[in-house]
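Chain and residue survey
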Amino acid sequence: MAVLVTGGAGYIGSHTCIELLESNHEVIIVDNLCNSDKIVVDRIKELSGKAPKFYEIDITNKKDLEIVFKENKIDSIIHFAALKAVGESVNMPVEYYSNNLISTLVLFELMKKYDIKKFVFSSSATVYGDPHVCPILEDFPLSVTNPYGRTKLIIEDMLRDICYADKSLDVAILRYFNPIGAHKSGKIGEEPNGVPNNIMPYITKIAVGKLPHLNVFGDDYDTPDGSGVRDYIHVLDLAHGHVKALEKLSEKPGLVTYNLGTGKGYSVIELVKAFSEANNIEIPYKIAPRREGDIATCYADPSKAEKELGWKAKYTIEEMCQDSWRWQSNNPDGYKNGK
């Protein structure tokens, strides 16, 4: 029986596929490659020693996606595929609602038709909105400050309704914080199309000479240095968390929700300094106006995941910075001319 990984050629999905294959799962990747590259699938095979099955399909297209369900015996689904940039979502809400919600509904319909009972959802700390206090626990009130976050919250609500109606389902909602880092080999990492929306690929593009400087959006938040504070987690820790969540579903727990974070917050300026120190590269930055949809502080209490999944983030901020730079320095043009 196989694990279907939507968005499996993407940043988090690709690292999770390696972890799944190394844990002896059969993996099927479905990805439309809108923000990834076919080369990633080859590198997953190279790094894990096992070949995932790959379909280049847009999962909003039910007819195309059903081919995957017909041709394979799927036991469980990990759903990564989504548009995911906070700032972009504010400017492109229709595209975000259309892509993220329709793709998930198509998956739910096919899960029901083909009697698939295990589902891991890639949610986000954005569903906590602007939290009243940190660290954030899973039972905190939910609200959102941007369309990207709203799509995640709507899908979470869908899952709660679906699981209420069908008690045979086992679903894990994973709310993760700010993934950075890359595979230790330097073979795969975060490589968005166009100008990066996320901070670490933007920093590494500066370090490799592709961009001039970093814009720090706001220096007047109520934080130690005025810049936004986030819980940065290594993508390898995150990948491991998805495998542990899948294991949990074999215990038939029903609907479960976990934060995946380190429990420690770093400001944007602290992250820039950590990268500079870890790699001996100065990263120039300028203060820019606050970005719509952003909040001051967001970091996790990950103790529930440690207790119930046996999972805990182990990589340091220095390792996250070093691994991010190893990926980018080995692949200055991304997957086009990389090593």
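Residues numbered from 1 in each chain as written. Predicted model: local features only at pLDDT ≥ 70, side-chain atom pairs only at ≥ 80, totals over all residues. Heavy atoms only, no water.

1. Examining the overall build of the protein chain
Broken down by element type, the protein chain carries eleven helices and 14 strands. Radius of gyration (C-alpha) of the protein chain: 19 Å, near the 20 Å computed for a compact globule of 339 residues. With the C-alpha coordinates of the protein chain rotated into their principal frame, the extents come out at 55 × 45 × 40 Å. Going through the 339 residues of the protein chain one by one, you find that 57% of them count as buried. Here the analysis covers contacts within the protein chain between residues at least 6 apart in sequence; of these, 78% occur between residues at least 24 apart. (Helix = DSSP H or I, 4+ residues; strand = E, 2+ residues; numbered from the N terminus. Rg over C-alpha atoms; globule rule 2.2 N^0.38 Å. Buried < 20%, exposed > 50% of the residue type's maximum accessible area, 1.4 Å probe, protein only. Contact = heavy atoms within 4.5 Å.)

2. Some points on the packing of helix H7 (residues 199-207) against helix H9 (residues 268-279)
Taken N-terminus to C-terminus, the directions of H7 and H9 make an angle of 40°; their axes are 11 Å apart at the nearest point. As summarised for this structure, H7 and H9 are arranged oblique, according to the angle between their axes. For the crossing formed where H7 meets H9, the hand is right-handed. For the pair formed by H7 and H9, the contact residues are Ile199, Met200, Ile203, Thr204 and Ala207 on the first element and Val268, Leu271, Val272 and Phe275 on the second. Class assignment for the residues of the contact of H7 with H9 results in eight nonpolar, one polar and no charged. (Axes fitted to C-alpha atoms, helices over the stretch in contact; angles between N-to-C directions. Parallel < 35°, antiparallel > 145°, perpendicular 65-115°, else oblique. Left-handed = near helix turned anticlockwise from the far one by under 90°. Nonpolar A, V, L, I, M, F, W, Y, C, P; charged D, E, K, R; others polar.)

3. Here we look at the packing of helix H1 (residues 11-22) against helix H2 (residues 39-48)
Between H1 and H2, the shortest axis-to-axis distance is 9 Å and the interhelical angle comes to 35°. Crossing angle aside, the handedness with which H1 passes H2 is right-handed. Residues Ser14, Cys17, Ile18, Leu21 and Glu22 of H1 lie in contact with H2, whose contacting residues are Val40, Ile44, Leu47 and Ser48. Of the residues assigned to the contact of H1 with H2, the class counts are six nonpolar, two polar and one charged.

4. Some words on the pairing of strand E5 (residues 118-124)
Among the seven residues of E5, seven are classified as buried, and the element is accordingly described as predominantly covered. Along E5, one buried face is formed by Lys118, Val120, Ser122 and Ser124 and the opposite face, lined by Phe119, Phe121 and Ser123, is buried too. Bridge analysis of strand E4 (residues 74-79) against E5 gives four bridges, and the strand direction is parallel. Across the sheet, serine 76 pairs through a bridge with lysine 118, a residue of E5. Summarising the sheet, E5 and strand E6 (residues 170-176) pair through seven bridges and their orientation is parallel. (Pairing = 2+ DSSP bridges.)

5. A short note on the sheet that holds strand E14 (residues 297-298)
The sheet built from three strands is open, its strands ordered E12-E9-E14 with mixed pairing. Of all the strands in the sheet, just strand E12 (266-267) and E14 have a single pairing partner and so form its edges.

6. Some points on the UniProt feature "domain: NAD(P)-binding" (unreviewed entry) in the protein chain
As recorded in UniProt, the sites labelled "domain: NAD(P)-binding" (unreviewed entry) are residues 4-323. In the segment residues 4-323, helix accounts for 40% and strand for 18%; the C-alpha atoms at its two ends are 27 Å apart. (UniProt positions renumbered as here; feature names shortened; annotations may be inferred.)

7. Structural notes on the pairing of E4
In terms of residue burial, E4 counts as a mostly covered element, since five of its six residues are buried. With five bridges joining them, strand E1 (residues 2-6) and E4 adopt parallel strand pairing. Residue pairing in the sheet places valine 3 in a bridge with serine 76 of E4.

8. Regarding the sheet that holds strand E2 (residues 26-31)
If you trace the seven strands from one edge of the open sheet to the other, you get E3-E2-E1-E4-E5-E6-E11, paired in parallel fashion. Looking at strand neighbours, the two that pair on one side only are strand E3 (53-56) and strand E11 (255-260), the edges of this open sheet. Pairs of neighbouring strands in the sheet enclose a mean axial angle of 15°, with direction left out of account. Where helix H6 (residues 147-165) meets the sheet, its contacts fall on E5, E6 and E11, and the angle it forms with E5 comes to roughly 150°.

9. Comments concerning the pattern of salt bridges
Under the criterion given, the structure shown has 20 salt bridges. Linking lysine 184 and glutamate 319 is a salt bridge whose minimum nitrogen-to-oxygen distance equals 3.8 Å. Taken together, the residues lysine 184 in the loop between strand E7 (178-180) and H7 and glutamate 319 in helix H11 (residues 317-330) connect sequence positions 135 residues apart. Residue classification places glutamate 319 among the partly exposed residues on the basis of a relative accessible area of 25%. With a closest N to O distance of 3.2 Å, lysine 248 and glutamate 251 form a salt bridge. The class for lysine 248 is buried, based on a relative accessible area of 15%. Judged by its relative accessible area of 54%, glutamate 251 falls in the exposed class. It is possible to trace a salt-bridge network through shared partners that takes in Glu156, Asp157, Arg160 and Arg175. (Salt bridge = Lys/Arg side-chain N within 4 Å of Asp/Glu carboxyl O.)

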